[in-house]
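Below, each chain spelled out in residue letters.
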Amino acid sequence: MIKISINGTVHDVEVEQDTPLLWVLRDVLGMTGTKFGCGVAQCGACTVHVDGTPVRSCQLAVGDVGDMPVVTIEGIGATPAGAKVQKAWMDLQVAQCGYCQSGQIMAAAALLTQTPAPTDADIDAAMAGNICRCGTYVRIRDGVKRAASQA
Amino acid sequence: MDMQPSPSPSGASRRDLLRGLAYGGLLLAVGLPLGRLAVAREDAPTVFAPDAFIRIASDGAATLIMPQVEMGQGIYTAMTMLIAEELDLPLAAVRLEAAPPSDALYGNPIFKVQATGGSTSVRAYWTPMRKAGAAARAMLVQAAAKRWQVDPAACETQDGIVRHAASGRSLPYGELAAAASHMTPPSDPPLKDPKTFRLLGKTQTRLDIEAKGNGTAKYGIDALPPGVKVATLSSCPVPGGKIRRVDDTQARAVAGVRQVVVLEDLVAVVGDHMWAAKKGLDKLVIEWDEGPNATLSTESLRAAMHEAAKRPGVPVKSEGADVRPGDAGVISASYELPFLAHAPMEPMNCTVHLRPGACEIWIGTQVMTMVQAKAAQAAGLKPDQITIHNHLLGGGFGRRLEVDMVDKAVRIAAHVDGPVKVVWTREEDIQKAMYRSTYGSWLSARLENGKPVAWRHTVVGPSVIARWLPPAFSGGVDIDAIDGAADQPYAVGGFHVDYVRHEPQGVPTCFWRGVGPNNNIFSVESFIDRLAREAKNDPLDFRRALLTANPRALQVLNTAAAHAGWGTPLAAKAGERVGRGICLQTVFGSFLSTIAEVAVGDDGTVRVRRLVTAVDCGMVVNPDGVISQIQGGLVFGLSAALHGRITFEKGRVQQSNFHDYRVVRIDEMPAVEVHLVPSTEAPGGIGEPGTTTVQPAVANAIYAATGVQLTRMPIDQTLLAKGGRT
């Protein structure tokens, strides 16, 4: 039995230690907001926060999470940066198919927590790991800037 | 009882809609009653169902039975706007329900099958949806007028209420719904004058936007029927190959693995969750019978296409003076596109629960009835024994116009007790997929006095249409493959277009965002630039002179040129060469011009700095939705231009995931500008034209920067190093 804290709630899960957090969230706990995109940390769709840091959950074994708190898209709205990013994403109508946007929002929220007023170069560095196949990048960039401006 | 209620767009109905979307939009009514029958709802009963699309309950709740699927293009919002406009309902008061499979009721009016694709939805439903709304509104008005004993023409509607101004009476639709169901539907209800539109042409918030920002939006891959197991699979890496032998000893020993299913052409591992299934899959020892395609290579496939190009084609257009390659004074060139994967962010998946005499499916698909037919075939059942829960699509791009993932999942499920979710790894998604084919174009023209006087275009490529929509394949011509070639916008004198159908050996091909025009716009616009050079003319001026009879095309060209600053100097850093290039296209019923601005490094690296697109897509439903689709379509085309390439060696696809099947990321993004040209013409399609416009604009810009004309995609940077090939 492994204990993990997700969005402030402790869950007991019965899986192998090497099971990636992604599949624990999606297939064991039924928290499907975090998405599977590539399985090899190339696309960012599975991004969650572990102890405040954006992490590709397809690459993090659940046994390595320990007592570090996990925040997912289902819980990010409770953080100041997450709420601002979600609002900016709505205001600018960022999402198209929306499948990558959980990961985009998690990456953007982490960026704004670390760097409240990011430059374009900061945005490129923080967001280049998140692929959007619909090509919403123009609005993602604007969304990060808009969220940053809502101090 | 007459009353004056407040309008119905309450927060509650809005929440209900989003709640519906959160579970896939899909309060799927199995065996939805047809015609004018009432249907039981979870809340108030539907009492008014004038056609296949509209349901109004006794409490006034309105439901749109949505024939089109949402894959990011914003069609849930656009379709709802069309019906809400004529029905005089607030947008937020309309709930959505995914249409069940039925070509008869929900067939796309353009394809005649229930499909979402080809940038057709608004073009197909602009009139039918509005007429459906107008007819329902007329029947509600008739019901009110009858109750009040007044002239229907003296009644008006607003926000879900019928009013009779002269007597000050009003009734909400819900109270009229039962009576309206007894009124005669008008055969040809009048539609609103566009000048009076309250919703259409005005930007509306996407109905799916909130659910797509908080993790509650449900895609096919999110289906979790009780007791579901997860499977992942490996099909033969060589298309058409079979399983010879599988050793699953180690796979079965993996914790959480429940079962290994070996079929003729694939093996699947079923587990408690995806990780168990994936670990199990990696432990399989599979011996393949690779079959007849084991020696395929990119080179052999390309050589076969070039050989096919020598065959006489089927004439598509043949008017006036002809021109043949090799004749004196004739300018000729050929252009080619590579194989491509779709790689939507949601990998292929399909969840199936197969029981005796029944099959339940959870999926996100562009083709409901094709899923139904394929599942019935694979399960040995009748179509009406198949229930489909359609979901939001995590990208379609044409890949979800196919049902190979359904066929495989149902065949696997036949060996599994209980529901099983079959999820493809990204590697499976890229390597064992269906592909955008290679296409080629062979063009020739003759110039006199700096203008073309004869033009010949031979299009070489497979016919996806012949398999996917057989009635549309007639006389040996694929109407998609020649789209953009047979109807190019320029006055070129004698005009001859041929089609040579060439199916690449072994490779399953399918539609890909931009479809046939990807090939034809790339080749025509590249060749137009070539002719402009031969005529010693500016690419913009050369085009303008050939567009005097095509004012809409000329207008978008001029609009893009003005915004892009055509002809003004471009700044260049040391070690860079810079240039601009044009694309003009008139496909999907829309007129677009894109001007690309590139910087090419001395080492050949290409940076696209800016894309400026002008669009005339006729009357617009949701303006911000159009801009969004063009922005995204440009990025899709840019990925193809910069990186897109599936190659084969020994029958196998050589790319496997996003590290070697690259797509554009945010740090490669150019500045993007989209300019809408106002229009009162019929609506055009907008999902795909942004994509097809990029490759030629970028290639022409690269020529302007370097003097090198690229005739194949993706861009080969080794051709662009300063001073020649590196």
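Note that the structure is a prediction, hence the values are computed from the model and not measured.

## A few points about the overall build of chain A
Right, so step 1: When helices and strands are tallied, chain A shows five helices and five strands.
Right, so step 2: When the helices and strands of chain A are placed in sequence order, the string is β-β-α-β-β-β-α-α-α-α.
Right, so step 3: In terms of overall size, chain A behaves like a compact globule, its C-alpha atoms giving a radius of gyration of 15 Å where 151 residues would be expected to give roughly 15 Å.
Right, so step 4: Dimensions of chain A along its principal axes, counting C-alpha atoms only, are 45 × 30 × 25 Å.
Right, so step 5: Put simply, chain A has 151 residues, and 58% of those count as buried.
Right, so step 6: Sequence separation of at least 24 residues holds for 55% of the intrachain contacts in chain A that already meet a minimum separation of 6.
Right, so step 7: Here chain A contributes 11 positive and 14 negative side-chain charges, whose respective centroids are spaced 13 Å apart.

## With respect to the side chain of A:H49
Residues and elements named next belong to chain A.
Right, so step 1: Mapped onto the secondary structure, H49 falls in strand 3 (residues 47–50).
Right, so step 2: One polar contact links the side chain of H49 to the main-chain carbonyl oxygen of M106, over a distance of 2.7 Å.
Right, so step 3: Those residues within four positions of H49 in sequence are excluded, and the remaining contacts are P54, P69, V70, V71, I76, M106, A109 and A110.

## Overview of the domain arrangement of chain B
Residue and element names in this part refer to chain B.
Right, so step 1: One can read the domain layout of chain B as domain 1 (11–196), domain 2 (220–291 + 343–431), domain 3 (297–339 + 435–512) and domain 4 (538–726).
Right, so step 2: Summarising the inter-unit geometry, the C-alpha centres of domain 3 and domain 4 are found 21 Å apart.
Right, so step 3: Contacts between the two partners involve 24 residues from domain 3, matched on the other side by 26 residues from domain 4.
Right, so step 4: Summing both partners gives a buried area of about 2,100 Å² for domain 3 against domain 4, and 61% of it is carried by carbon and sulfur.
Right, so step 5: By the criterion of area lost to domain 4, the three top residues of domain 3 are P489, Y490 and W512, representing 29% of everything that side buries.

## Remarks on the environment of B:S121
Residue and element names in this part refer to chain B.
Right, so step 1: Assignment of secondary structure puts S121 in helix 4 (residues 121–148).
Right, so step 2: Residue class for S121 comes out buried when judged on its relative accessible area of 7%.
Right, so step 3: Not counting chain neighbours up to four residues away, the residues in contact with S121 comprise Q68, I75 and T116.
Right, so step 4: Among the polar contacts listed, one links the side chain of S121 to the side chain of Q68, at a separation of 2.7 Å.

## Remarks on the packing of helix 4 (residues 120–127) of chain A against helix 5 (residues 137–149) of chain A
Residue and element names in this part refer to chain A.
Right, so step 1: Running from N to C, helix 4 and helix 5 point in directions that differ by 115°, and their axes come no closer than 11 Å. As for the relative orientation of helix 4 and helix 5, their crossing is right-handed in sense. Where helix 4 approaches helix 5, its residues D120, I123, D124 and M127 are matched on the opposing element by I140, R141, V144 and K145.
Right, so step 2: Residue composition of the contact of helix 4 with helix 5, by class: four nonpolar, no polar and four charged.

## So, the sheet that holds strand 25 (residues 591–601) of chain B
Residue and element names in this part refer to chain B.
Right, so step 1: Taken together, four strands build an open sheet; the order of strands is 24-25-26-29 and the sheet is mixed. Each end of this open sheet is capped by a strand with a single partner; those strands are strand 24 (576–585) and strand 29 (671–676). With direction set aside, neighbouring strand axes in the sheet form an average angle of 10°.
Right, so step 2: Note: strand 24 against strand 25, ten bridges, orientation antiparallel. Residue pairing across strands places G579 opposite V598, the latter belonging to strand 25.
Right, so step 3: Against the sheet, helix 18 (residues 694–706) engages strand 24, strand 25 and strand 26 (606–616), with an angle of about 145° to strand 24.

## A closer look at the domain arrangement of chain A
Residues and elements named next belong to chain A.
Right, so step 1: Each domain of chain A was delimited in the assignment, giving domain 1 (2–71) and domain 2 (76–149).
Right, so step 2: Put simply, the middle of domain 1 and the middle of domain 2, counted by C-alpha atoms, are 20 Å apart.
Right, so step 3: In this assembly, 13 residues from domain 1 lie in contact with eleven residues from domain 2.
Right, so step 4: Surface buried jointly by domain 1 and domain 2 totals about 1,000 Å² across both partners, of which 55% is contributed by carbon and sulfur atoms.
Right, so step 5: Along the contact surface separating domain 1 from domain 2 lie zero salt bridges.
Right, so step 6: Summed over the shared surface of domain 1 and domain 2, the result is six residue pairs in polar contact (both at pLDDT 80 or more).
Right, so step 7: Residue assignment for the side of domain 1 that touches domain 2 shows that the elements contributing at least two residues are strand 3 and strand 4 (53–56).
Right, so step 8: Among the elements that line the side of domain 1 that touches domain 2, the one with the most residues is strand 3, at three residues.
Right, so step 9: Each residue belonging to the side of domain 1 that touches domain 2 can be placed in one class, and the counts come to six nonpolar, five polar and two charged.

## Details of the sheet that holds strand 2 (residues 54–57) of chain B
All names here are of chain B.
Right, so step 1: Here four strands make up an open sheet; going across it, the order is 1-2-3-4 and the pairing mixed. Each end of this open sheet is capped by a strand with a single partner; those strands are strand 1 (46–48) and strand 4 (94–98). Each neighbouring strand pair of the sheet contributes to a mean axis angle of 40°, computed without reference to strand direction.
Right, so step 2: Strand direction decides the pairing type here: strand 2 and strand 3 (residues 62–66), joined by three bridges, are antiparallel. By the bridge assignment, R55 is partnered in strand 3 with T63.
Right, so step 3: Across the sheet, helix 4 lies against strand 1, strand 2 and strand 3, angled at about 35° from strand 2, the strand it touches most.

## Some remarks on the packing of aromatic side chains
Residues and elements named next belong to chain B.
Right, so step 1: Considering all chains together, one arrives at 13 aromatic pairs over all chains under this definition.
Right, so step 2: Consider the rings of W468 and F511, whose centres lie 5.4 Å apart with planes at 85°: the pair is edge-to-face. Of this pair, W468 sits in helix 12 (residues 464–468) while F511 is found in the loop between strand 23 (494–501) and helix 13 (515–534), placing the two residues 43 residues apart along the sequence.
Right, so step 3: On the basis of relative accessibility, which here comes to 7%, the residue W468 falls in the buried class.
Right, so step 4: A ring pair is formed by W512 and F636, whose centres lie 4.8 Å apart and whose planes are at 45°; its orientation type is tilted. With W512 in the loop between strand 23 and helix 13 and F636 in helix 16 (residues 623–642), this residue pair connects regions lying 124 residues apart in the sequence.
Right, so step 5: One cation-aromatic arrangement involves R533 over Y703; the distance from NZ or CZ to the ring centre is 3.4 Å.

Conventions used here
Residues numbered from 1 in each chain as written. Chains lettered and ligands numbered in written order. Predicted model: local features only at pLDDT ≥ 70, side-chain atom pairs only at ≥ 80, totals over all residues. Heavy atoms only, no water. Helix = DSSP H or I, 4+ residues; strand = E, 2+ residues; numbered from the N terminus. Rg over C-alpha atoms; globule rule 2.2 N^0.38 Å. Buried < 20%, exposed > 50% of the residue type's maximum accessible area, 1.4 Å probe, protein only. Contact = heavy atoms within 4.5 Å. Lys, Arg positive; Asp, Glu negative; His and termini not counted. Charge placed at Lys NZ, Arg CZ, Asp CG, Glu CD. Polar contact = N/O pair within 3.5 Å; in protein donor to acceptor, adjacent residues only side chain to side chain. Domains from an automatic or database assignment. Buried area = accessible area lost by both parts, 1.4 Å probe. Axes fitted to C-alpha atoms, helices over the stretch in contact; angles between N-to-C directions. Left-handed = near helix turned anticlockwise from the far one by under 90°. Nonpolar A, V, L, I, M, F, W, Y, C, P; charged D, E, K, R; others polar. Pairing = 2+ DSSP bridges. Salt bridge = Lys/Arg side-chain N within 4 Å of Asp/Glu carboxyl O. Phe/Tyr/Trp six-rings, centres within 6.5 Å; stacked < 30°, edge-to-face > 60°. Lys NZ or Arg CZ within 6 Å of the ring centre and 35° of its normal.

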